Amino acid sequence: MAFWSKPEKKPHCLITITTSDFIPGTLVMLYTFFKYNKWFDGDIIIYGYGLSDSEKSLLERFPNVQFAADLLQAIDKVVAVRGDLAHKKMVFYSLNLFMLEGYKRYMYIDSDVLIQGDFGELMDLEYPMMCVPDRATYLGKAKDGTTFQVAQAPTEEDHFWYRTFNAGIMFFTDEWVNKKTYKELLKLVNPDLYKSLKRPSTDQYLLNMYFRKNYHALPGTYNFRLGLADIIKEREGDTLDTAKLVHYSGKKNPWKHMQMENNLTKQPLFYEAMLKWMDAYQDYFTFVKQMEEGLIDVSFFGKVTQR
């Protein structure tokens, strides 16, 4: 007879990463997530990098927020040989997801997204790892496993990576959350692997190295990127208006003035996407004001407040 047992796992967990200059993005992501996903009844885990107490208090407006501060010591070794990754070192925190035990299903969502739909149907799928393909895969191309650049003349050799994905949005189950997975990923945080990269890739490089052959490809509605809008519309039928998640990846953050200015002429769809995000930001402030005035109660957060 056992005198104790492991606590029952919670059903869901939403994880994101943020920094001080990403707080507006994180607030909009969380607000729009709860707006459309009333079924969610889990915790929100935030890997915050250098956040002040006042910044944390903004995020704590949302229920069940927990701040995780684990650091991968190996990151500094990578940054030592790739100084251009220093400003993105917090992105490596996503590797810690695979040690975050206690849940059945996990959602990792970047802070630079706008959510426009319900993810509930994904919670019933049995795939251990689900992601949306990246640009190379949408174009039917491979990436060079050494440089992580799109390969000009790929072959079937292991050196070339097919089926690469965008690691900014990942849905996975507890099958991957264990010490074995974490230790194997940690071994890949190796400065020797990063010396030959042609672009400042962080966790996306490692996660593709590890998972690219073991994920279920989701349609672009779950990770709609402006640069792939035409392809996603042609193949899958989704547009900026119908996508369940719009990802402002790269230097396309709508709350950063110079990025807005730079993309207004370079990216035809950015203006519409920027207005969508700004509308959601305005809605968030209206929501906060109404909460403070007692005009909206915690039922807005759905099942998460009924635990």
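Above this note sits the structure.
Figured I'd write up the structure that's included with this text. Throughout this description, residue numbers start from 1 for each chain and increase along the sequence as written. Selection of residues for local features in this predicted model requires a pLDDT of at least 70, selection of side-chain atom pairs for listing and counting requires 80 or more, and totals for whole chains, interfaces and linings are taken over all residues. Heavy atoms throughout the structure, all of them, feed into the side-chain values; hydrogens and water do not.

## Let's talk about a nonpolar patch on the surface
No. 1: Patch rule: a residue counts if its relative accessible area is over 30% and it has no salt bridge; like charges are joined within 9 Å, and nonpolar side chains (Val, Leu, Ile, Met, Phe, Trp, Tyr) within 5 Å. To measure how exposed things are, a 1.4 Å probe is used in the Shrake-Rupley method; for residues, cover is taken only from the protein chains shown. Should a side-chain nitrogen of Lys or Arg be within 4 Å of a carboxyl oxygen of Asp or Glu, the pair is scored as a salt bridge. A cluster of nonpolar side chains, namely Leu264, Tyr271, Leu275 and Met278, defines an oily patch on the protein surface of about 330 Å² accessible area.
No. 2: Numbered from the N terminus, helices here are DSSP runs of H or I no shorter than four residues, and strands are runs of E no shorter than two. In terms of residue count, the dominant contributor to the nonpolar patch is helix H10 (residues 270–292) (three residues).
No. 3: By the element assignment, Leu264 lies in helix H9 (residues 257–266).
No. 4: For Leu264, a relative accessible area of 35% translates into the label partly exposed. When a residue's accessible area, from a 1.4 Å probe over protein chains only, is under 20% of the maximum for its type it is buried; when over 50% it is exposed; and in between it is partly exposed.

## Considerations on the sheet that holds strand E11 (residues 224–225)
No. 1: With mixed pairing, three strands are arranged side by side in an open sheet as E5-E12-E11. Strands at the two margins of the open sheet, each flanked by one partner only, are strand E5 (113–115) and E11.
No. 2: A pair of strands is treated as paired once DSSP finds two or more bridges between them. Two elements, E5 and strand E12 (residues 245–247), share three bridges in a ladder whose sense is antiparallel. Considered in E12, the bridge of Val113 is made with His247.

## Some details on the pattern of salt bridges
No. 1: Per the stated rule, a full pass over the model turns up eight salt bridges.
No. 2: In this structure, the salt-bridge partner of Asp241 is Lys276, at a minimum N-O distance of 3.1 Å. Residue Asp241 is found in the loop between helix H8 (229–236) and E12, and its partner Lys276 is found in helix H10; the two are separated by 35 residues along the sequence.

## Side note on the packing of aromatic side chains
No. 1: Each Phe, Tyr or Trp ring, with Trp reduced to its six-membered ring, pairs with another whose centre is within 6.5 Å; inter-plane angles below 30 degrees give stacked pairs, above 60 give edge-to-face pairs, and intermediate values give tilted ones. Overall, the coordinates contain 36 aromatic pairs when judged by the stated rule.
No. 2: Here Trp176 and Tyr210 contribute two aromatic rings whose centre-to-centre distance is 6.1 Å and whose plane-to-plane angle is 75°, an arrangement assigned as edge-to-face. Residue Trp176 is located in the loop between strand E9 (165–173) and helix H5 (179–188), and its partner Tyr210 is located in helix H7 (residues 203–211); the two are separated by 34 residues in the primary sequence.
No. 3: Judged by its relative accessible area of 17%, Trp176 is buried.
No. 4: On the accessibility criterion, Tyr210 (18% relative accessible area) is buried.
No. 5: Whether a charge sits over a ring comes down to the Lys NZ or Arg CZ being within 6 Å of the ring centre and within 35 degrees of the ring normal. Over the aromatic face of Phe148 sits the side chain of Lys143, whose NZ or CZ is 4.0 Å from the ring centroid.

## Re the sheet that holds strand E2 (residues 43–49)
Strand pairs in the sheet, formed through backbone hydrogen bonds, run parallel or antiparallel to each other.
No. 1: Pairing in this open sheet of seven strands is mixed, and the strands run E3-E2-E1-E4-E9-E6-E10 from one edge to the other. Looking at the sheet topology across the chains shown, the edges are occupied by strand E3 (65–68) and strand E10 (216–217).
No. 2: In the sheet, E2 pairs with E3 via four bridges, with the strands oriented parallel. Looking across to E3, one finds that Ile46 is bridged to Phe67.
No. 3: Here a residue-residue contact requires only that any non-hydrogen atoms of the pair lie within 4.5 Å. Every axis corresponds to a line fitted to the C-alpha atoms, with the helix fit spanning only the stretch in contact, and the corresponding angles, defined between N-to-C directions, vary from 0 to 180 degrees. This element, helix H1 (residues 23–36), spans strand E1 (10–19), E2 and strand E4 (103–109) of the sheet and lies at about 155° to E1.
No. 4: Strands strand E6 (129–133) and E9 of the sheet are contacted by H7, whose axis makes an angle of about 55° with E9.

## Here we look at H5
No. 1: Inspection of H5 places Thr181, Tyr182, Leu185 and Leu188 among the buried residues, and these make up the whole buried set. Projected down its long axis, H5 carries its buried residues within an arc of 115°, all on one side. Facing away from the buried side of H5 by over 90 degrees, the exposed positions are Lys179, Lys180, Lys183 and Lys187.
No. 2: Taken together, the buried residues of H5 touch helix H6 (191–194) and H7.
No. 3: One side-chain oxygen of the residue at the start of H5 lies 3.2 Å from the amide nitrogen of Lys180, identifying that residue as Asn178. The arc in question is formed by the directions pointing from the helix axis toward the C-beta atoms. Any N or O atom pair separated by 3.5 Å or less is treated as a polar contact, with the protein-specific requirement of one donor-capable and one acceptor-capable atom, and with residues adjacent in sequence counted only for side-chain atom pairs.

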